[in-house]
Amino acid sequence: MGVDAAAAESLRVGLDVTPVLAGLTGVARYTIGLELGLRARGVDVRAFGIGNGRGALGPSARHVKIPLRVMRRLWALHLPPRAESFTGPIDLLHSVDLDPPRCRVPVVSTIHDLAALEFPELHPPAAVAGASRRLRSLERAAAVLADSGATANALVRNGIERSRVTVVPLAPHPLPEARADEAGVPGPYLLAVGELTLRKDYPTLFRAFAQADLPDFRLVVVGPDGFGADEVHAAAAASGLGDRLVMVGYASDRRLSALYAGASALVLTTREEGFGLPLVEAMSRGLPIVASDIEVVAEVAGEAALRAPTGDAAAFAACLERVVRDPEARAAASTAGRQRSLTYTWDRTVDKTIEVYQRVAG
């Protein structure tokens, strides 16, 4: 089924853009990109965000300044307000990350991952409770969008019928062009991008880099503190890497682009991902990848990534040495990555989303 342009322009979609209020998280970037893409297709997007935060909603979105926790209590008791109070008449409601507001129209829900349910020890209790609540909310969803086949499989493992799930891959947030010398880090270096959380398993990365015979290289880690960041920083201090380990913290889009430009490879030691946008960001630049041998990495990166078992520092060290020293392996990974990255576009993401809207709205 393709996108019916005329039907798309007749759709009135209530879009819950609440995640944008959290700041520039991965989910916020997805939400912003989706809203822009839908509007570009002529969809009548009626966006709203609930609560407060550091992020700013777009000028067309309605900001409902009622604490989200209060709204959730009202919805749990089947009390108003319904989504239509914020949007006016709509044909469907799209919830992009949170459990959806009460409404009288069909609901489309996006699920980015179920990592908090499948690896609860790597997440704070609030995230586990939120993921469980989100899973229960899918009983009200007419359609479920999964970022990847891996996430779709996780949904099925957790009781969601496969026929209700459509895989809609993500697309990378466009980064500005920047030169490597703007990164502020002298090369050569390997780059890791992602929040400093237990799920990303940075301690294994630090051990692997310390074991690898790469004395001229630095390891650059980009990402803000998250759950378990104290353990990550402690592991960094105990690694013995000294100034060969550069912990950047949060980086602006321009600096991140510059860091990609100067990197020799991307490294991802994560134990679980819903999609892994840094994989696509690296592939689009022709960067070879060393990553965990998990389902979603094989799906998204394919032959662009040299893979090692999660938690196996020695295996990661061997892959790091190979990606630096083996020109044939580097070239093969780079070529495969550039080719694969062409499939991850916002046009594809938006079109597949609208196809689901048209099916749900009849």
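The rules we used
- Residues numbered from 1 in each chain as written.
- Predicted model: local features only at pLDDT ≥ 70, side-chain atom pairs only at ≥ 80, totals over all residues.
- Heavy atoms only, no water.
- Helix = DSSP H or I, 4+ residues; strand = E, 2+ residues; numbered from the N terminus.
- Rg over C-alpha atoms; globule rule 2.2 N^0.38 Å.
- Buried < 20%, exposed > 50% of the residue type's maximum accessible area, 1.4 Å probe, protein only.
- Contact = heavy atoms within 4.5 Å.
- Areas by Shrake-Rupley, 256 points an atom, 1.4 Å probe, with all protein chains shown as cover.
- Salt bridge = Lys/Arg side-chain N within 4 Å of Asp/Glu carboxyl O.
- Pairing = 2+ DSSP bridges.
- Axes fitted to C-alpha atoms, helices over the stretch in contact; angles between N-to-C directions.
- Arc of directions from axis to C-beta.
- Parallel < 35°, antiparallel > 145°, perpendicular 65-115°, else oblique.
- Left-handed = near helix turned anticlockwise from the far one by under 90°.
- Nonpolar A, V, L, I, M, F, W, Y, C, P; charged D, E, K, R; others polar.
- Expected span 1.5 Å × (residues − 1).
- Polar contact = N/O pair within 3.5 Å; in protein donor to acceptor, adjacent residues only side chain to side chain.

Chemist: Would you mind going over the overall build of the protein chain with me for this structure?
Modeler: A count of helical and extended segments in the protein chain gives 15 helices and 13 strands. Here the protein chain has a C-alpha radius of gyration of 21 Å; the compact-globule value for 362 residues is 21 Å, and the two agree. On the principal axes, the C-alpha backbone points of the protein chain span a range of 60 × 40 × 40 Å. Put simply, the protein chain has 362 residues, and 55% of those count as buried. Restricting to contacts in the protein chain with at least 6 residues of sequence separation, those with at least 24 account for 70%. Here the protein chain displays about 15,200 Å² of accessible surface, and carbon together with sulfur accounts for 52% of that area.

Chemist: What should I look at first to understand the pattern of salt bridges in this one?
Modeler: Between side chains of opposite charge, a pair can form when the charged atoms approach closely. Inspection of the entire model under this criterion finds 18 salt bridges. Between Lys200 and Glu273 there is a salt bridge, and its shortest N-O distance comes to 2.5 Å. Here Lys200 is found in the loop between strand 8 (189-193) and helix 8 (202-211), whereas its partner Glu273 is found in the loop between strand 11 (265-268) and helix 11 (277-284), with 73 residues between them in sequence. We note that Lys200, like Glu273, is buried. Linking Asp293 and Arg307 is a salt bridge whose minimum nitrogen-to-oxygen distance equals 3.2 Å. Of this pair, Asp293 sits in the loop between strand 12 (289-292) and helix 12 (295-300) while Arg307 is found in strand 13 (residues 305-308), placing the two residues 14 residues apart along the sequence. The class for Asp293 is partly exposed, based on a relative accessible area of 47%. The class for Arg307 is partly exposed, based on a relative accessible area of 32%. One network of salt bridges, with partners in common, ties together Arg179, Asp181, Glu182 and Arg254.

Chemist: I'm lost on the sheet that holds strand 13 in this one. Help?
Modeler: Two pairing modes exist for strands in a sheet, parallel and antiparallel, and in both the strands are linked by backbone hydrogen bonds. The strand order across the open sheet formed by six strands is 10-9-8-11-12-13, and the pairing between neighbours is parallel. Each edge of the sheet is formed by a strand with only one pairing partner; in this case those strands are strand 10 (245-249) and strand 13. The mean inter-strand angle of the sheet, taken between neighbouring strand axes irrespective of direction, is 25 degrees. Lying over the sheet, helix 11 contacts strand 8, strand 11 and strand 12, oriented at roughly 170 degrees with respect to strand 11.

Chemist: Would you take a moment to explain helix 9 (residues 229-238) for this structure?
Modeler: Given 3.6 residues per helical turn, the α-helix brings residues three or four places apart onto the same face. Of the positions making up helix 9, those classed as buried are Ala229, Val232, Ala235 and Ala236. Each buried residue of helix 9 sits inside an arc of 120 degrees when the element is viewed along its axis, so together they form one side. More than 90 degrees from the buried face of helix 9, the exposed residues found are Asp230, Glu231, Ala237 and Ala238. Along its buried surface, helix 9 packs onto helix 8 and strand 10. Where helix 9 terminates, the next one or two residues include Gly240, which has phi positive at roughly 75 degrees.

Chemist: Sorry, what's going on with the packing of helix 11 against helix 14 (residues 327-341) here?
Modeler: Two quantities define a packed helix pair, namely the angle between the helix axes and the distance between the axes. At their nearest, the axes of helix 11 and helix 14 sit 7 Å apart, and the two run at 110 degrees to each other. As summarised for this structure, helix 11 and helix 14 are arranged roughly perpendicular, according to the angle between their axes. The chirality of how helix 11 crosses helix 14 is left-handed. Contact with helix 11, carried on its side by Val280, Met283 and Ser284, involves Gly337, Arg338, Arg340 and Ser341 of helix 14 and no other residues of that element. Taken together, the residues of the contact of helix 11 with helix 14 sort by class into two nonpolar, three polar and two charged.

Chemist: Is there a simple way to explain helix 13 (residues 313-325) in this structure?
Modeler: Between its first and last C-alpha, helix 13 extends 18 Å over 13 residues, near the 18 Å set by a 1.5 Å rise per residue. Within helix 13, the full set of buried residues consists of Ala313, Ala315, Phe316, Ala317, Cys319, Leu320 and Val323. Among the residues of helix 13, the N-terminal cap falls to Asp312, whose side-chain oxygen and the backbone nitrogen of Ala314 are separated by 3.3 Å.

Chemist: Help me out: how do you make sense of the side chain of Thr18 in this one?
Modeler: Mapped onto the elements of the fold, Thr18 is located in the loop between strand 1 (12-16) and helix 2 (26-40). Within polar-contact distance, the side chain of Thr18 engages the backbone nitrogen of Ile50 at 3.0 Å. In contact with Thr18, not counting residues within four places along its chain, are Phe48, Gly49, Ile50, Leu68 and Leu98.

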